[in-house]
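Chain and residue survey
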Amino acid sequence: MTAHPAVHFDQISHAFGAQSVLRNVSLRIEPGEIVGLIGPNGAGKSTLLRSLIGIIRPDRGRAYVCGTDAARDSLAARRQIGYAPSETALYHQMSSESLLKFAIAFHPHPAADVGLELLEALGVPRHKRVSQLSHGMKRKIVFAQAVASGGPVIVLDEPTEALDPEARRLVEAQLRDEADRGRTVLFSSHDLTSVERLCHRAAFLRRGEIVRSGAAAELAAETGRLLHLELRTAVNEEQLPQQPGWQWQGHAERWTLQHRDPLEKVLAHIAELPLAGIRDAAGSLEEVFDTLYGEDAG
Amino acid sequence: MMVLARQYARGLLWLTIGYFAILEAAMVAAILYWPKFRDNTPALAKLIPFQALQDLLTAVQQSGYWPYFAIQQWFKGCSLFGVAAIAFMGSGIIAREADQRTAEFLFSRPVSRRTVLRVRSLVLLLAVVLPVYLSSISAIWISPLVDERLPWRATLLASTYMACFLAMLVAATVLLSVLSTHQLRAGVIVVGIVLLSFAQYLIQGIDQWSLFATIDVWTFMKIGAGEFPLVRSGCFVAAALAMLFAAEMRLERRVW
């Protein structure tokens, strides 16, 4: 354990040619934290993670891993990171066991036994060639090697993508265990439910900028709540009750209300509508996502 | 380092064995053909249209088995099959990682790109030159079958000279592979350059500028006479090191 944050992005900016993909991104992650990066495709999540492991060198700003500058001393930074890329193109002629051992062999404190146990728990055949495995199985190998690397920081790009629900639960449980042991987990994901269940904090990226970050529950509370209404007859927006901070979306018989008021107060205001059904979407990251990205996410 | 070397060597193993088997088979066939060739050399010389190849036959007529073996084993065998092996095995040394999208996985490991390149280049070099030494040494034992003998010292020196030449081609291939995103492209360029150089060797007047002029029969005749071309070998090695250095620099900056 050090006095440094486990991961620190300090005003990172990066562009691919004329296209700016990261703009002044700053984020501190303390040891033992689990942080999820959320954003639509092209938001800059993978690029940000790659700046930690030396695959890209940011045009401006610095990324630090346990106090080590990831650009200036990339090797030392990478020794502290167990990294799982989103890409599952692997050395197809190797068996899953030999690939795992190869992947972790460069780390100072690899834990092959942990990796092999994980492969077994996730149902990956150890002696089968990688070429014979499905996309989901390859994802499990990539995950297992990142955990088995033994480094204090685990960085995962889309770790739950293509996993079945049982494997997803196992992966989440394993990451919680790792965080309990003091390891830091930073991952990108589109799986908002997973992020909500797992993360201490979430950061939302939009067009290369962090537009919101904080504890999942706080973010959901900030964004407000959603009520989905189904009406017996069609109404237009002018016929709907309006209050400060209320936003209506929808048409005819189906409307969604975004609000920040106590539920009783809202119900009192909408009581005169020809209600056929009403559903309260409890504050969730999905709502935050919808609010932040709107049409971007589609 | 050993993990990297093992992983890369495992991928080259069967190709290296195949390359050695072809080299050995061609060499044995050439040795066994020697008595017939020796008896028909004057007639063969008349049939060859290229001056450069006629000169090779003249050398064989004058000096016998050593130039014949040098042409068959080093000038023809090692350069032809060696180049094929280098193009086939070496073109993928880095370009394959881009081709198969494994670059991010490999280069996110805590190992420097320089180390990856050096270890792989060394393994590739061994895969290319060890068969040259092994088949040349085996020729020392096979030659008595046709009542000829090959001197150990000259055979080893000639193999070493050929190894230096191949090392230069290995380094050129490594550099091309680092610059390429497709293994096939790098391989085709290597083979193309070598074929052009061979075509150049067959054209009188510009033949002395061909790569093959540096490994022709006259060079091996000198080695057989005890004159090892130290300067030229040094140039091969220096060129190889310069190209490897350039490849390292390029790889360090390459974005995946």
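Every chain is numbered independently, its residues counted from 1 as its sequence is written. Going through the entries in the order they are written, you letter the chains from A and number the ligands from 1. Where local features are concerned, this predicted model is filtered to residues with pLDDT of at least 70; where side-chain atom pairs are given and counted, the filter is 80 or more; whole-chain, interface and lining totals use all residues.

**What to know about the overall build of chain A**
Helix and strand assignments come from DSSP, with helices taken as H or I runs of at least 4 residues and strands as E runs of at least 2, each series counted from the N terminus. A tally of regular secondary structure across chain A gives 10 helices and 14 strands. Its C-alpha atoms give chain A principal-axis dimensions of about 70 × 40 × 35 Å. Exposure classification rests on a simple neighbour count of other C-beta atoms within 10 Å of a residue's own: a residue reaching 20 or more is buried, one at 12 or fewer is exposed, and one in between is partly exposed. C-beta atoms are placed from the backbone. Relative to its 298 residues, chain A shows a buried fraction of 43%. Of the contacts made within chain A by residues no fewer than 6 positions apart, 71% connect residues no fewer than 24 positions apart. Contact criterion: two residues are in contact if their C-beta atoms, reconstructed from the backbone, are within 7 Å.

**With respect to the overall build of chain B**
Across its full length, chain B carries 10 helices and 0 strands. Here the globule rule reads 2.2 Å times residues to the power 0.38, and the radius of gyration is calculated from C-alpha atoms. At 19 Å, chain B has a C-alpha radius of gyration in line with the 18 Å of a compact globule built from 256 residues. Overall, chain B is about 60 × 40 × 30 Å in size when its C-alpha atoms are taken along their principal axes. Considering only contacts within chain B whose residues lie at least 6 apart along the sequence, 80% involve residues at least 24 apart.

**A word on the environment of B:S79**
Residues and elements named next belong to chain B. Positionally, S79 belongs in helix α3 (residues 65–90). Taking the C-beta count within 10 Å as the criterion, S79 has 21 such neighbours and is therefore assigned buried. With 133 residues separating them along the chain, S79 and F212 place their C-alpha atoms 8.6 Å apart.

**Here's the deal with the domain arrangement of chain A**
If you check the domain split of chain A, you get domain 1 (7–220) and domain 2 (225–282). For the domain bounds, the source is a domain assignment made automatically or taken from a database. Placing the centre of domain 1 of chain A and that of domain 2 of chain A at their C-alpha centroids yields a distance of 40 Å.

**A short note on the interface of chain B and chain A**
With 16 residues of chain B at the contact, the number on the chain A side is 18 residues. Those elements that provide at least two residues to the side of chain B that touches chain A are α1 (2–47) and α5 (103–107) of chain B. Residue composition of the side of chain B that touches chain A, grouped by class: 7 nonpolar, 6 polar and 3 charged. Each residue is assigned to one class: nonpolar for Ala, Val, Leu, Ile, Met, Phe, Trp, Tyr, Cys and Pro, charged for Asp, Glu, Lys and Arg, and polar for all the others, Gly among them.

**What about the packing of helix α7 (residues 152–179) of chain B against helix α8 (residues 183–201) of chain B?**
Residues and elements named next belong to chain B. Fitting a line to C-alpha atoms yields each axis, with helices limited to the stretch in contact; the angle taken between N-to-C directions then spans 0 to 180 degrees. Running from N to C, α7 and α8 cross one another at 145 degrees; their axes reach a closest spacing of 9 Å. In terms of crossing hand, the pair formed by α7 and α8 is right-handed. Contact residues: α7 offers A172, T173, L176 and S177, while α8 offers A186, I189 and V190. Its residues assigned to classes, the contact of α7 with α8 comprises 5 nonpolar, 2 polar and no charged. Should the near helix be turned anticlockwise from the far one by less than a right angle, the crossing is left-handed, and should it be turned clockwise, the crossing is right-handed.

**Describing the sheet that holds strand β5 (residues 68–69) of chain A**
Residue and element names in this part refer to chain A. Here 4 strands make up an open sheet; going across it, the order is β2-β1-β4-β5 and the pairing antiparallel. For this open sheet the edge positions go to β2 (19–29) and β5, each flanked by a neighbour on one side alone. Two strands qualify as a pair provided that DSSP identifies no fewer than 2 bridges between them. Both strand β1 (residues 7–16) and β2 contribute to a ladder of 7 bridges, which runs antiparallel. Across the sheet, residue F16 finds its bridge partner in β2, namely Q19.

**Observations regarding the nonpolar core**
Residue and element names in this part refer to chain B. With 150 residues, the main nonpolar core has L166 and V170 as its most contacted residues. With 17 residues, the top contributor of residues to this core is α7. Discounting residues that sit within four places of it in the chain, L166 has contacts with C78, G82, I86, V128, V129 and V132. We define a nonpolar core as a collection of buried residues of the types Ala, Val, Leu, Ile, Met, Phe, Trp, Tyr and Cys that are connected via C-beta atoms lying within 7 Å of each other.

**Some remarks on helix α3 (residues 96–104) of chain A**
Along α3(A), the positions that sit buried rather than exposed are A:S96, A:L99, A:L100, A:F102, A:A103 and A:I104. For α3(A), the elements touching its buried residues are α4 (112–121) and α5 (135–148) of chain A together with α1 of chain B.

**Notes on unusual backbone geometry**
Note: most residues except glycine have negative phi, and most peptide bonds are trans. Even without glycine at this site, A:Q11 takes up a positive phi of about 55 degrees. One can find A:Q11 in strand β1. A count of 13 C-beta atoms within 10 Å places A:Q11 in the partly exposed class. In the Ramachandran plot, B:D147 falls in the positive-phi region, its phi being about 60 degrees despite a non-glycine side chain.

**Structural notes on the environment of A:R254**
All names here are of chain A. In this fold, R254 is placed in strand β13 (residues 254–259). Look at R254 and you get partly exposed, because 14 C-beta atoms sit within 10 Å. When the C-alpha atoms of R254 and V235 are compared, they prove to be 9.0 Å apart, with 19 residues separating the residues in sequence.

**Considering helix α9 (residues 217–224) of chain B**
Residues and elements named next belong to chain B. Residues V217, T219, F220, I223 and G224 constitute the buried set of α9. An end-on view of α9 places all buried positions within 155 degrees of arc, on one side of the element. With its phi angle positive at about 95 degrees, G226 sits one or two positions after the end of α9. By arc we mean the arc of the directions from the helix axis to the C-beta atoms, nothing more.

**Comments concerning the sheet that holds strand β10 (residues 209–214) of chain A**
All names here are of chain A. Spatially, β6-β7-β8-β3-β9-β10 is the arrangement adopted by the 6 strands of the open sheet, whose pairing is mixed. For this open sheet the edge positions go to β6 (81–84) and β10, each flanked by a neighbour on one side alone. When the angles between neighbouring strand axes are averaged without regard to direction, this sheet yields 15 degrees. In terms of strand pairing, strand β9 (residues 201–206) meets β10 through 5 bridges, oriented antiparallel. When the bridges of β10 are listed, F204 appears paired with R212. Along the sheet face, α5 touches β6 and β7 (153–157) and points at about 175 degrees away from the line of β6. Here helix α6 (residues 165–180) sits on the sheet in contact with β3 (34–38), β7 and β8 (184–189), set at roughly 150 degrees to β8.

**A word on the packing of α3(B) against α8(B)**
Residues and elements named next belong to chain B. As a packed pair, α3 and α8 sit with axes 8 Å apart at the nearest point and diverge in direction by 160 degrees. As judged from the angle between their axes, α3 and α8 are roughly antiparallel. The handedness of the crossing between α3 and α8 comes out as right-handed. On α8, the residues touching V83, I86, A87 and F88 of α3 are G187, V190, V191 and V194. When grouped by side-chain class, the residues that make up the contact of α3 with α8 number 7 nonpolar, 1 polar and no charged. Small angles under 35 degrees read as roughly parallel and large ones over 145 as roughly antiparallel, with 65 to 115 read as roughly perpendicular and the rest as oblique.

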